[in-house]
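In case you want the letters, here they are:
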Amino acid sequence: MSSPRHAVSLTRHLIEEQRAGRINADLRQLIAVVARACTSISIAVGKGALGGVLGDAGTGNVQGEAQKKLDVISNEILLEANAWGGHLAACASEEMDHCFPIPDAYPRGNYLLLFDPLDGSSNIDVNVSVGTIFSVLRAPDGVAAIGDDDFLQPGTAQVAAGYCVYGPQTTLVLTFGHGTHAFTLDRETGTFMLTRESIRIPEETKEFAINMSNQRHWEAPMQDYVRDLLVGKEGPRGKDFNMRWVASMVADVHRILTRGGIFIYPWDRKDPGKAGKLRLMYEANPMAFLVEQAGGAATNGRERIMEIAPAQLHQRVPVFLGSKSEVEAATRYHLDHDAG
Ligand code: P6P
């Protein structure tokens, strides 16, 4: 039997959201442009060696990381797609030191777009799923020259967030604050089709995602928490756990949105000056919004990620996100430790 035809396209979903008064025309246009840019990125990623896009670009980014050719290509695709539409005031990207105000040649809109154009890019050369992560904020009123500081808004100020995972399927996962929904790219028509509506993450889980090679660098409550996961049903958690680690946040989060789990990138003393590995503004906040809208939770081990007041555009944060009950358990280990 052929698979059921999915009737609702992303375009129809966006029009119906606008008709319901949940988004306006500019935000609809912004998401439609980002989705088209993700389709172009998906095509570039899919070409791999045939497209001459694998390997390093020979440049570095503000994070001090070597840029892959596809990091730079994906960044350019998103900047060019969003420059002329009149829906944006400025963009900010993991790949750029400072924000990118819309050029004077084009009209400016009321939104700020932040993105990690190709997260997990270290996996590209080994053909593992990677993805684009994006977050949308309102531009402050009456600001003629948008700067980095105008982006420093808490995650609760996001008006939209999403990611596009480039794996066996290309899937866009999106929220406007009214649930989290997934759209799968129909490559024959180039159309994203609604394939999961109002996603719900199971509250309990037996699966955790973490890079165990960093264990010796973790702080005590993190050591205790993972020790109890590994002890399994003989220990205080009373159940056995499984582990997954793709080392591509978009792929790990997509699994958690699909079947539950907890994703953790904690603070570690490998680089004590950094608050964690993942970036607050364009990785942790958008993922936290998506996860919370799907009934999950997201903390930095001690407080809700979306309530953190940002101090810098590229600041990092520890991340615990996924099944609500498990995130609360992990956070409790940290809070109990702090309470002495
Ligand atoms: P590690 C990819 O570089 C990334 O930013 C996330 O996508 C991923 O979860 C994490 O880093 C992987 O880090 O230290 O395991 O390579």
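Parameters and conventions
- Residues numbered from 1 in each chain as written.
- Predicted model: local features only at pLDDT ≥ 70, side-chain atom pairs only at ≥ 80, totals over all residues.
- Heavy atoms only, no water.
- Near = heavy atom within 4 Å.
- Polar contact = N/O pair within 3.5 Å; in protein donor to acceptor, adjacent residues only side chain to side chain.
- Helix = DSSP H or I, 4+ residues; strand = E, 2+ residues; numbered from the N terminus.
- Nonpolar A, V, L, I, M, F, W, Y, C, P; charged D, E, K, R; others polar.
- Pairing = 2+ DSSP bridges.
- Salt bridge = Lys/Arg side-chain N within 4 Å of Asp/Glu carboxyl O.
- Buried < 20%, exposed > 50% of the residue type's maximum accessible area, 1.4 Å probe, protein only.
- Contact = heavy atoms within 4.5 Å.
- Axes fitted to C-alpha atoms, helices over the stretch in contact; angles between N-to-C directions.

K.L.:
Sorry if this is basic, but what is going on with the site of the ligand here?
P.N.:
Around the ligand sit 13 residues, and of these D119, N211, W245, M249 and Y265 come closest. In this structure, an oxygen atom belonging to the ligand sits 2.6 Å away from a side-chain N or O atom of D119. At a separation of 2.9 Å, an oxygen atom of the ligand approaches a polar side-chain atom of N211. For the shell around the ligand, the secondary structure elements donating two or more residues are β13 (262–265) and β14 (278–279). For the shell around the ligand, a count of residues per class yields six nonpolar, three polar and four charged.

K.L.:
Just to check I follow, could you spell out the pairing of strand β10 (residues 191–196) for this structure?
P.N.:
Consecutive side chains along a regular strand alternate between the two faces of the sheet. Direction of pairing for strand β9 (residues 180–186) relative to β10: antiparallel, over a ladder of five bridges. If you follow T184 over to β10, its bridge partner there is M193.

K.L.:
Explain the pattern of salt bridges here, please?
P.N.:
Using the criterion set out here, one finds 19 salt bridges in the structure. When the shortest N-O distance is used, the salt bridge between K274 and D271 registers 3.5 Å. Overall, the relative accessible area of 33% leaves K274 in the partly exposed class. By sharing partners, the salt bridges in this structure join E207, D252, R255 and R259 into a single network.

K.L.:
Please explain the sheet that holds strand β11 (residues 207–209) as it appears in this structure.
P.N.:
Note on sheets: strands pair through backbone hydrogen bonds, and any given pair is parallel or antiparallel. Taking strand neighbours across the sheet as the criterion, the five strands line up as β12-β11-β13-β17-β15 in an open arrangement whose pairing is mixed. Looking along the sheet, the strands with just one partner apiece sit at the ends: β12 (242–243) and β15 (297–299). Strands in contact with helix α4 (residues 220–231) are β11, β13 and β17 (319–322); relative to β13, the strand with the most contacts, it is inclined by about 145 degrees. Running over the sheet, helix α6 (residues 280–293) touches β15 and β17 and is turned about 25 degrees from β17.

K.L.:
What is the right way to look at α6 in this model?
P.N.:
Counting along an α-helix, one turn takes 3.6 residues, and residues three or four places apart therefore face a common direction. The buried fraction of α6 amounts to 12 of the 14 residues, a majority that puts the element mostly inside the structure. Residues L280, M281, Y282, E283, A284, N285, P286, M287, A288, F289, L290 and V291 constitute the buried set of α6. Two residues or fewer after α6 comes G295, characterised by a positive phi angle close to 85 degrees.

K.L.:
Explanation requested: unusual backbone geometry in the structure shown.
P.N.:
Among all residues save glycine, negative phi is the norm, and among peptide bonds the norm is trans. Phi at N127 is positive, roughly 60 degrees, even though this residue is not glycine. Along the chain, N127 falls in the loop between β5 (111–119) and β6 (130–138). You can call N127 exposed: its relative accessible area is 73%. The phi torsion at S198 lies on the positive side, around 50 degrees, for a residue other than glycine.

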